[in-house]
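Notes for the structure review
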Amino acid sequence: MTFQDTELIEKILQLKRQRNAVILAHNYQLGEVQDIADFVGDSLELSQKAAETDAEVIVFCGVRFMAETASILCPDKVVLLPDIQAGCPMADMVTAEKLRQRKRELPDATVVCYVNSSAEVKAESDICCTSANAVKVVESLKSKEVLFVPDQYLGHYTSTKTNKKMVLWPGFCPFHVRIQPEDIARLKREYPRAKAIVHPECRPEVIALADEVLSTGGMCRFARKTEAEEIIVGTEIGMIYRLRKENPGKQFIPASEQAICPSMKLTALERILWALKEMAFEVKVPEAIRLRAKVAVDKMLRVA
Ligand code: SF4
């Protein structure tokens, strides 16, 4: 760490105390951001932390829908997204208007939306889910038919674990789909004793070759418990930093160096300091949308 980094970190910590702020970071964030965060986790864990914090300001080091989820759960807190450009291309693959159209075509379906979606889309949905609890959420529903948005691959994986009729929105994560089955097959030949863990946003052909299908939070728990010393990791590359940090005796092999989400790399230490100084960019969901979206998020948190 350079002298400038140490100075920067001190300034962030000082300002964080003055503002009574908490820094939440997703598992895909840069290592330097994970190191300075009060809590690092997956979408579900971060939503739960946001809901229970007594800080007045939440600096959300992640992407826009995550900051929106925090705003939905904590309307009295100031939620800051250090880089306003940090969006999620998958979340942008469904709009509230298009979802309303599809709902008219499927009047009996319960709408389950992956947390990777805008507040407007959540407001149009019956219940939310994350990759950690999608199966549990879908199984908790009374209806036989489910419209799952926006990730077709998480939806497909969930459909293999439940007996619901699932209609899948054709969205996907452009970075998880870069992980190819050939990557897993080649690494399994190179590391015959390794366990392969993959995220459910991966293609079904990749999931078919995995030993475990896990959310990023699930990957952290698996890595701690497993006796395997070599682990092939099929998710966004930022995950490797945390896994290596927490398990120095184990080897983590990225399934693909191509699985990099540029939005997740926009938040650097300088941006966090700037966000705390300027109190920007504030993410605030309009009240009418927030109240409807909160119903879907709260239902998920009760199931999770
Ligand atoms: S990794 Fe994929 S799903 Fe996650 S924020 Fe980036 S684009 Fe969205």
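The structure this text deals with has already been given above.
The structure contained in this document is the topic of the report that follows.

Take the pattern of salt bridges next. Counted according to the given criterion, the structure contains 20 salt bridges. Glutamate 236 is the salt-bridge partner of lysine 265, the closest N and O atoms lying 3.1 Å from each other. Remark: glutamate 236 occurs in the loop between strand S11 (230–234) and helix H12 (239–246) and lysine 265 occurs in the loop between strand S12 (251–254) and helix H13 (269–278); sequence separation between them is 29 residues. Look at glutamate 236 and you get buried, because its relative accessible area is 1%. Between glutamate 287 and arginine 290 there is a salt bridge, and its shortest N-O distance comes to 2.9 Å. Taken together, the positions of glutamate 287 and arginine 290, both in helix H14 (residues 287–303) and three residues apart, correspond to about one turn of that helix. Glutamate 287 sits in the partly exposed class, given a relative accessible area of 43%. Arginine 290 sits in the buried class, given a relative accessible area of 7%. If you follow the salt bridges from partner to partner, you end up with Glu97, Arg100, Lys103, Glu124 and Arg292 in one network.

With that out of the way, let us pick up unusual backbone geometry. That bond from valine 149 to proline 150 is cis: its omega, -15°, falls within 30 degrees of zero. Relative to the helices and strands, proline 150 is located in the loop between strand S7 (145–149) and helix H8 (152–159). Within the chain, asparagine 20 stands out as a residue other than glycine whose phi angle is a positive 50°. Along the chain, the position of asparagine 20 falls in the loop between helix H1 (3–19) and strand S1 (21–26). Positive phi, close to 55°, is recorded for methionine 279, a residue that is not glycine. Tracing the chain through its elements places methionine 279 in the loop between H13 and H14.

Bringing the site of the ligand into the picture now. Near the ligand, the surroundings consist of Tyr28, Val63, Cys88, Pro89, Met90, Asn116, Cys173, Phe175, Glu201, Cys261 and Met264. Here the residues of the shell around the ligand sort into nine nonpolar, one polar and one charged.

Quick notes on the rules
- Residues numbered from 1 in each chain as written.
- Predicted model: local features only at pLDDT ≥ 70, side-chain atom pairs only at ≥ 80, totals over all residues.
- Heavy atoms only, no water.
- Salt bridge = Lys/Arg side-chain N within 4 Å of Asp/Glu carboxyl O.
- Helix = DSSP H or I, 4+ residues; strand = E, 2+ residues; numbered from the N terminus.
- Buried < 20%, exposed > 50% of the residue type's maximum accessible area, 1.4 Å probe, protein only.
- Near = heavy atom within 4 Å.
- Nonpolar A, V, L, I, M, F, W, Y, C, P; charged D, E, K, R; others polar.

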